[in-house]
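A closer look at the structure
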Amino acid sequence: MKTTLVLTVAVLANSVSSVCLSKGMKDFPDGQLFSASGLLVMGKHVITDPWMIAGVMLLITFLAAYLTALSWADLSFVLPATAPGYIVTLLLSKFYLGESISPARWAGTVLIVLGTFLVARTYQPSSSTLATGKTGHEGFHETLAKPTTDALGDSR
Amino acid sequence: MINFLLLSTVILAGAAGDVSVAHGMKRIGEVNRFSLIALVRLAVRIAKNKYIGLGIFWKAVAFFTFIALLARADLSWVAPATAISFVVETLAARYLLREHVSTTRWAGASIVCLGVALISL
């Protein structure tokens, strides 16, 4: 129950965060993206634009909820439980951002969710690697919690 | 094409950030004291740790590249496309870390790969 609630918050915060960031960046001038001064302009945009501020806040909410869930549940459970978030983001893109989504894109996203389920099945529950890796899962979306990282960390 | 380059940067910088932060936190050790003084000391140690600083740098690179990508591409492509990180991790586990990668994981990574190809059509 507690896990369901926290993971629901994580999924919604992550999807809505992406929508806010997407909305906040839509009218950002393309030419500014790849210039040295563009980075400064982008930095200022992130801390002044209401959509960007909301997006970053929600990202922090997502991280807090995700890391909290990982502190008592295994990645092999959390990963597939949050994978349907890809579908939530797609629905929000369609109905809120008004993007037109081709059948191929729907099919591809469903495949990605299925692929995530399969990859998650290979993460052993309660292994020591996962337990010690929890502190390393700082990131900005659900794909960032990864055993690869933990293993790399261990090997050093 | 530029979008795929940006996507690669998001994934690789994000992974570099994860590796650095995880390495830094392992050097700091397990957090098991939660008094105010212990937490302040912990914050100072984290702030001084160069691996964590490097990790935050890579995370910042990943974030700014991610929002630059959002300025150029549809969210309905960017969000699912980031799942390609599962493929990158699987390849890194096999070829950089020389870990054993199970058939299930290869199958999962291949399906994700196929999915990313489909959404990019």
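Structural notes, computed from the coordinates. (Residues numbered from 1 in each chain as written. Chains lettered and ligands numbered in written order. Predicted model: local features only at pLDDT ≥ 70, side-chain atom pairs only at ≥ 80, totals over all residues. Heavy atoms only, no water.)

1. So, the overall build of chain B
Counting its regular elements, chain B contains six helices and zero strands. Secondary structure elements in chain B, listed N-terminal to C-terminal, are α-α-α-α-α-α. Across the 121 residues of chain B, 48% fall into the buried class. For chain B, the exposed area adds up to about 6,100 Å²; of that, 67% sits on carbon and sulfur atoms. (Helix = DSSP H or I, 4+ residues; strand = E, 2+ residues; numbered from the N terminus. Buried < 20%, exposed > 50% of the residue type's maximum accessible area, 1.4 Å probe, protein only. Areas by Shrake-Rupley, 256 points an atom, 1.4 Å probe, with all protein chains shown as cover.)

2. Digging into a nonpolar patch on the surface
Residue and element names in this part refer to chain A. A contiguous nonpolar patch, built from Ile53, Met57 and Ile60 and spanning about 280 Å² of accessible area, is present on the exposed surface. Mapped onto the secondary structure, Ile53 falls in helix 3 (residues 50-72). The partly exposed category is assigned to Ile53, whose relative accessible area is 33%. (Patch = residues over 30% accessible without salt bridge, like charges linked within 9 Å, V, L, I, M, F, W, Y side chains within 5 Å. Salt bridge = Lys/Arg side-chain N within 4 Å of Asp/Glu carboxyl O.)

3. Observations concerning the interface of chain A and chain B
Taken together, the contacts link 55 residues of chain A with 51 residues of chain B. Between chain A and chain B, a total of about 4,700 Å² is buried, with carbon and sulfur atoms accounting for 72% of that surface. Between the two partners, chain A and chain B, sit zero salt bridges. Counting across the interface, chain A meets chain B through seven residue pairs in polar contact (both at pLDDT 80 or more). Where the side of chain A that touches chain B is concerned, the elements lending two or more residues are helix 1 (2-26), helix 2 (36-48), helix 3, helix 5 (85-95), helix 6 (103-121) and helix 8 (147-155) of chain A. Ranked by residue count, the leading element in the side of chain A that touches chain B is helix 6 of chain A, at 11 residues. (Contact = heavy atoms within 4.5 Å. Buried area = accessible area lost by both parts, 1.4 Å probe. Polar contact = N/O pair within 3.5 Å; in protein donor to acceptor, adjacent residues only side chain to side chain.)

4. Re the side chain of Thr82(A)
All names here are of chain A. Note on placement: Thr82 falls in helix 4 (residues 75-82). Judged by its relative accessible area of 3%, Thr82 falls in the buried class. Side-chain polar atoms of Thr82 contact the backbone oxygen of Val78, separated by 2.9 Å.

5. Regarding the packing of helix 6 of chain A against helix 6 (residues 103-119) of chain B
Their axes nearest at 7 Å, the elements helix 6 of chain A and helix 6 of chain B cross at an angle of 165°. The pairing of helix 6 of chain A with helix 6 of chain B is recorded here as roughly antiparallel in orientation. Every pair of crossing elements has a handedness; the one defined by helix 6 of chain A and helix 6 of chain B is left-handed. Contacts between helix 6 of chain A and helix 6 of chain B involve Ala104(A), Arg105(A), Ala107(A), Gly108(A), Thr109(A), Leu111(A), Ile112(A), Gly115(A), Thr116(A), Leu118(A) and Val119(A) from the former and Thr104(B), Arg105(B), Ala107(B), Gly108(B), Ala109(B), Ile111(B), Val112(B), Leu114(B), Gly115(B), Val116(B), Leu118(B) and Ile119(B) from the latter. In the contact of helix 6 of chain A with helix 6 of chain B, the residues fall into 14 nonpolar, seven polar and two charged. (Axes fitted to C-alpha atoms, helices over the stretch in contact; angles between N-to-C directions. Parallel < 35°, antiparallel > 145°, perpendicular 65-115°, else oblique. Left-handed = near helix turned anticlockwise from the far one by under 90°. Nonpolar A, V, L, I, M, F, W, Y, C, P; charged D, E, K, R; others polar.)

6. Overview of the packing of aromatic side chains
Considering all chains together, one arrives at four aromatic pairs over all chains under this definition. When the ring of Phe4(B) is compared with that of Trp77(B), the centres are 5.4 Å apart and the planes differ by 75°; the resulting orientation is edge-to-face. In this pair, Phe4(B) sits in helix 1 (residues 2-28) while Trp77(B) sits in helix 4 (residues 75-81), placing the two residues 73 residues apart along the sequence. Note on Phe63(B) and Phe64(B): the rings are 5.6 Å apart at their centroids and 75° apart in plane angle, and the pair reads as edge-to-face. Its end group placed over the ring of Phe95(A), Lys94(A) keeps NZ or CZ at 5.4 Å from the ring centre. The ring of Tyr95(B) has Arg94(B) sitting right over it, with the charged end atom 4.9 Å from the ring centre. (Phe/Tyr/Trp six-rings, centres within 6.5 Å; stacked < 30°, edge-to-face > 60°. Lys NZ or Arg CZ within 6 Å of the ring centre and 35° of its normal.)

7. Re helix 3 of chain A
Here helix 3 of chain A contains 23 residues, and its C-alpha end-to-end distance of 34 Å stays within 8% of the 33 Å for a straight helix at 1.5 Å per residue. Every buried residue belonging to helix 3 of chain A is among Met52(A), Gly55(A), Leu59(A), Phe62(A), Leu63(A), Ala65(A), Tyr66(A), Ala69(A) and Leu70(A), and all of these are buried. Against helix 1, helix 2 and helix 4 of chain A together with helix 3 (50-72) of chain B lie the buried residues of helix 3 of chain A. The N-cap residue of helix 3 of chain A is Asp49(A): its side-chain oxygen and the backbone nitrogen of Trp51(A) are 3.0 Å apart. (Expected span 1.5 Å × (residues − 1).)

8. Looking at the nonpolar core
Among the nonpolar cores identified, the biggest contains 55 residues, and Met25(A), Ile67(B), Trp77(B) and Phe86(B) are the most heavily contacted of them. Of the residues forming this core, the biggest block, eight residues, is contributed by helix 3 of chain A. Residue assignment places this core across two domains, with domain 1 (1-73) and domain 2 (74-121) of chain B each supplying three or more. Here Trp77(B) is in contact with Arg105(A), Asn3(B), Phe4(B), Leu7(B), Leu69(B), Ile119(B) and Ser120(B), once residues within four sequence places are set aside. (Core = buried A, V, L, I, M, F, W, Y, C linked by side-chain atoms within 4.5 Å. Domains from an automatic or database assignment.)

9. Let's talk about the environment of Gly55(B)
Residue and element names in this part refer to chain B. Here Gly55 lies in helix 3. Sequence separation between Gly55 and Ala15 is 40 residues; the distance between their C-alpha atoms is 9.3 Å. Those residues within four positions of Gly55 in sequence are excluded, and the remaining contacts are Gly17, Ser20 and Val21.

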